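Working through the structure, step by step
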Amino acid sequence: MLLCGTIGALAAPMTTGRITSQPIGHYEFCQQAPAECRATGRNVAPDRMTTKAWATMVEINDRVNTTIIPRTDMEMWGKEEIWSYPVKYGDCEDYVLLKRHELIGAGFKPSNLLITVVLQPNGDGHAVLTVRTDQGDFILDNLVSSVMDWRDTRYRYLKRQSVANAGKWVDIVDERRNVASSF
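A few points on the structure. A quick note: this is a predicted structure, and the numbers were derived from the prediction, not measured. (Residues numbered from 1 in each chain as written. Predicted model: local features only at pLDDT ≥ 70, side-chain atom pairs only at ≥ 80, totals over all residues. Heavy atoms only, no water.)

Brief notes about the environment of Arg154
Examined against the element boundaries, Arg154 turns out to sit in the loop between strand E7 (144-149) and strand E8 (156-161). C-alpha separation for the pair Arg154 and Gly105, spaced 49 residues apart in sequence, amounts to 29 Å. (Helix = DSSP H or I, 4+ residues; strand = E, 2+ residues; numbered from the N terminus.)

Details of the state of the cysteines
Tallied over the entire structure, the rule returns one disulfide. With a sulfur-sulfur separation of 2.0 Å, Cys30 is cross-linked through a disulfide to Cys37. Handedness here is read from the sign of the S-S torsion; for Cys30 and Cys37, about -85°, the answer is left-handed. Sulfur of Cys92: no disulfide; nearest cysteine sulfur belongs to Cys30 and is 16 Å away. In this structure Cys92 comes out as buried when scored by relative accessible area, which is 15%. (Disulfide = S-S within 2.5 Å. Buried < 20%, exposed > 50% of the residue type's maximum accessible area, 1.4 Å probe, protein only.)

Observations regarding the packing of aromatic side chains
Within this structure, the stated rule accounts for three aromatic pairs. Pairing Trp54 with Phe138 gives two aromatic rings, centres 5.6 Å apart and planes at 70°, and the pair type is edge-to-face. On the criterion of sequence distance, the pair formed by Trp54 in helix H3 (residues 51-67) and Phe138 in strand E6 (residues 136-141) is long-range, its members being 84 residues apart. Each member of the pair, Trp54 as well as Phe138, is classed as buried. With a centroid separation of 5.3 Å and an interplanar angle of 90°, the aromatic rings of Trp150 and Tyr157 are classed as edge-to-face. Both residues of the pair, Trp150 and Tyr157, belong to the buried class. (Phe/Tyr/Trp six-rings, centres within 6.5 Å; stacked < 30°, edge-to-face > 60°.)

Focus: the sheet that holds strand E9 (residues 169-173)
Strand order in the open sheet formed by seven strands is E1-E9-E8-E4-E5-E6-E7, and the pairing between neighbours is antiparallel. Looking at strand neighbours, the two that pair on one side only are strand E1 (15-20) and E7, the edges of this open sheet. In this sheet, adjacent strand axes meet at a mean angle of 30° when their direction is disregarded. Where E8 meets E9, three bridges bridge the pair, whose relative direction is antiparallel. Pairing of Arg160 across the sheet is with Val170, part of E9. Of the strands in this sheet, strand E4 (113-119), strand E5 (125-133), E6 and E8 touch helix H5 (residues 92-105), which is tilted by about 20° from E5. (Pairing = 2+ DSSP bridges. Axes fitted to C-alpha atoms, helices over the stretch in contact; angles between N-to-C directions. Contact = heavy atoms within 4.5 Å.)

Laid out in structure tokens, this is it:
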């Protein structure tokens with residue numbers, strides 16, 4: 001369990017760079033649900049990490065991971081890259097959308113709940129949810145049961161939603177040596 005008071009000095013949020021391309025599935029999702037992809041405001045402070053916030057993140061991550069049954073878009077829809085809120089089945093970005101939705105309902109700011117595209121160690125693309133907090137950026141992932149500091153994952157981070165606008169994406173500067181050597 002994370003002890004909120006012990007990692008604050010070690011917090012290292014992701015470094016982002018320029019505006020980059022929006023994943024096609026996200027673009028199409030935004031056409032269907034424009035309220036999910038609007039400007040969220042500039043200079044929004046990260047959410048405050050409290051014991052309650054941590055417990056909420058862990059509970060939502062666990063519940064969604066154990067409730068939704070993994071299925072690819074091809075299995076569900078007969079084509080690739082359909083982003084939707086899962087009811088019973090979903091793939092990685094569907095898990096992320098549901099977790100984001102539930103965390104917003106629990107009081108987290110939308111600007112701090114960022115859909116993030118990563119590469120897995122095997123080179124496959126994957127989507128996770130980054131939660132920005134005053135104690136660093138944490139990852140909620142359907143492939144990992146625990147909520148983790150982004151630096152402790154084995155992923156190479158490529159891009160994520162912009163803090164200021166959920167419909168815009170920025171690239172991520174991932175300079176962690178231990179990850180770069182695994183590709």
